[in-house]
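The primary structure of each chain is shown beneath.
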Amino acid sequence: MTRTDIPTPALLIDVPAMERNIARMARFFAGRPCRLRPHFKAHKTPEIARRQLAAGSCTGLTCATVSEAEAVAGLCDDLLIANEVIGADKCARVAALAARVHVTIAVDSLAGLAQIADAATARGVVVGVLVDVNVGQQRCGVLPGADAVALATRVASTRGVRLRGVMGYEGHLQPIAGRTERETRAREAMQQLTATADAARAAGLPCDVVSGGGTGTYDISGQVAGVTEIQAGSYVLMDTDYARLDLPFEAAFSVLGTVVSRPTADRCVADCGHKSTTKDHGMPSVKGIPGATVTSLNDEHAVIALLPGAAVQIGDRIELLPSHTDPTINLHDAFYAMNGNDVIGVWRITARGYAEHRQP
Ligand SMILES: Cc1ncc(COP(=O)(O)O)c(C=O)c1O
């Protein structure tokens, strides 16, 4: 099977480029005190996670949801759900996982702590906990310092859970294009986190894990003394939003479409609308057609402005480079794994649409 045989719209992965990204990231962390904990939510694909783990420098995997953790529990025995887990059903699923592998979740409230502790004690297991600290993203998390230490103290004295440390995701800083500003602000954010970890230790609490970071800050936060692991995800495939930055990773995925209409000299339309590529972070880019830009995405249509005279015909294949990795991949069931024009595999995106919903 080659590129021309693939039914469109379809998600392609450039396997050699992906492998170079994985190897570059693993090399960066080799021999450092800080480890890599690749974020599975970026791709939700066990075939990719397997390669990330095999490349080394990893301390486990990061997940965003319980269903992602369930999807990789057979691959890795140290999973961090870097997110709050709320609801008796989800907490029971975490407890069931904890009977098989080491699972740690983020907690930022006494209510959340009580829920996971109840589920863990009912199951007779222990679930790891990182106190989620707000290092400036203004999403979840308690304030650094005294508030975080107070919650950590409660975690440490609660049955069914084990305090492992703190986590703080500096997500608001990942997209800053200027290296100097990104570096200064990421260091400040991580120093709030490491200072909180120090305060917890000074209060006699265990705090072995200090977790944060992403693709935009892996080599900044990953070198702050006291940060023990980095949760980067997008580096493995790279989107156009991250491509604006000074990162050493290559675009390794694209959405393949077919030109279905060429209504005017300066416009064509392809069959890959926003049901196959996200508009989050802006329009996708068009690969390999000089001057071509996506002007709008409808459900099933990508409208593309062309330079006059562009040699684009109905039936041609085009490739879009998405603006945001995670929400694009979440639209697809599988990747076509490519080596040049050859399809070398079909990789299921198993954690997308995964059994989150059950029959009543
Ligand atoms: C908690 C958390 N950690 C890490 C990341 C890093 O992801 P990426 O490397 O894809 O930016 C994210 C992304 O949203 C996240 O939510």
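The paragraphs below set out a description of the structure included in this document. Only a predicted model underlies this, so the values are computations on that prediction, with no experimental measurement involved.

## Description of the environment of Gly-145
Now for step 1: Here Gly-145 is to be found in the loop between strand E6 (127-132) and helix H6 (146-156).
Now for step 2: Look at Gly-145 and you get partly exposed, because its relative accessible area is 24%.

## Considerations on the site of the ligand
Now for step 1: In the vicinity of the ligand, 13 residues are found, and the nearest of them are Thr-215, Gln-231, Gly-233, Ser-234 and Tyr-242.
Now for step 2: Lys-41 places a polar side-chain atom, nitrogen or oxygen, 2.8 Å from an oxygen atom of the ligand.
Now for step 3: At 2.7 Å from an oxygen atom of the ligand is found a main-chain nitrogen or oxygen belonging to Gly-233.
Now for step 4: When isolated, the ligand has an accessible area of 390 Å², and the protein chains bury 90% of it.
Now for step 5: The class makeup of the residues in the shell around the ligand is four nonpolar, seven polar and two charged.

## Remarks on the packing of helix H4 (residues 88-98) against helix H5 (residues 110-123)
Now for step 1: Interhelical geometry of H4 versus H5 gives an angle of 50 degrees and a closest axis separation of 8 Å. Viewed along their axes, H4 and H5 adopt a mutual orientation that is oblique. Of the two possible hands of crossing, H4 and H5 adopt the one that is right-handed. Residue-level inspection shows Ala-88, Cys-91, Ala-92, Val-94, Ala-95 and Ala-96 of H4 in contact with H5, the latter providing Gln-115, Ile-116, Ala-119, Ala-120 and Arg-123.
Now for step 2: Residue classes in the contact of H4 with H5 are distributed as nine nonpolar, one polar and one charged.

## Some thoughts on the packing of helix H1 (residues 15-29) against helix H2 (residues 46-54)
Now for step 1: Running from amino to carboxyl end, H1 crosses H2 at an angle of 40 degrees, the nearest separation of the two axes being 9 Å. It follows that H1 is oblique to H2 by the angle criterion. Between H1 and H2 the crossing geometry is right-handed. Together, Met-18, Glu-19 and Ile-22 of H1 and Ile-48, Arg-51 and Gln-52 of H2 make up the contact between the two elements.
Now for step 2: A class-by-class count of the residues in the contact of H1 with H2 yields three nonpolar, one polar and two charged.

## Observations regarding the pattern of salt bridges
Here the idea is simple: oppositely charged side chains can pair when their charged atoms come close.
Now for step 1: Summed over all chains, the structure comprises 21 salt bridges.
Now for step 2: We note a salt bridge from Glu-319 to Arg-3, for which the minimum N-O separation is 2.2 Å. With Glu-319 in strand E15 (residues 317-321) and Arg-3 in the segment before strand E1 (10-14), this pair connects stretches of sequence that are 316 residues apart.
Now for step 3: The class of Glu-319 is buried, set by a relative accessible area of 12%.
Now for step 4: When its relative accessible area of 18% is taken as the criterion, Arg-3 is described as buried.
Now for step 5: A salt bridge links Glu-47 to Arg-51, with the nearest nitrogen and oxygen atoms 2.9 Å apart.

## Notes on the side chain of Thr-45
Now for step 1: Locating Thr-45 in the fold gives a position in the loop between strand E2 (35-36) and H2.
Now for step 2: Assessed through its relative accessible area of 0%, Thr-45 is described here as buried.
Now for step 3: Setting aside residues no more than four positions away along its own chain, Thr-45 makes contact with Phe-40, Phe-335, Trp-347, Arg-348 and Ile-349.

## Thoughts on the sheet that holds E6
Strand-to-strand pairing in sheets goes through backbone hydrogen bonds, with the strands running parallel or antiparallel.
Now for step 1: Strand order in the open sheet formed by eight strands is E2-E9-E8-E7-E6-E5-E4-E3, and the pairing between neighbours is parallel. Each of the sheet's edge strands pairs with one partner strand only, and the pair in question is E2 and strand E3 (61-63).
Now for step 2: Pairing of strand E8 (residues 209-212) with strand E9 (residues 229-230), which is carried by two bridges, proceeds in the parallel orientation. Across the sheet, the residue bridging to Ser-211 is Glu-229, located in E9.
Now for step 3: Sitting on the sheet, H5 touches strand E5 (102-107), E6 and strand E7 (161-168), and the angle it makes with E7 is about 145 degrees.

## A word on the pairing of strand E14 (residues 302-305)
The side chains of a regular strand alternate, residue by residue, between the two faces of the sheet.
Now for step 1: Note that strand E11 (residues 267-270) and E14 share four bridges and pair antiparallel. Opposite Arg-267, over in E14, you have Ala-305 as the bridge partner.
Now for step 2: Bridging between strand E13 (residues 293-297) and E14 involves four bridges; their strand directions are antiparallel. From the neighbouring strand, Ser-296 faces E14, where its bridge partner is Val-303.

Cut-offs applied
- Residues numbered from 1 in each chain as written.
- Predicted model: local features only at pLDDT ≥ 70, side-chain atom pairs only at ≥ 80, totals over all residues.
- Heavy atoms only, no water.
- Helix = DSSP H or I, 4+ residues; strand = E, 2+ residues; numbered from the N terminus.
- Buried < 20%, exposed > 50% of the residue type's maximum accessible area, 1.4 Å probe, protein only.
- Near = heavy atom within 4 Å.
- Polar contact = N/O pair within 3.5 Å; in protein donor to acceptor, adjacent residues only side chain to side chain.
- Areas by Shrake-Rupley, 256 points an atom, 1.4 Å probe, with all protein chains shown as cover.
- Nonpolar A, V, L, I, M, F, W, Y, C, P; charged D, E, K, R; others polar.
- Axes fitted to C-alpha atoms, helices over the stretch in contact; angles between N-to-C directions.
- Parallel < 35°, antiparallel > 145°, perpendicular 65-115°, else oblique.
- Left-handed = near helix turned anticlockwise from the far one by under 90°.
- Contact = heavy atoms within 4.5 Å.
- Salt bridge = Lys/Arg side-chain N within 4 Å of Asp/Glu carboxyl O.
- Pairing = 2+ DSSP bridges.

What is shown is where atoms sit, not what they do.
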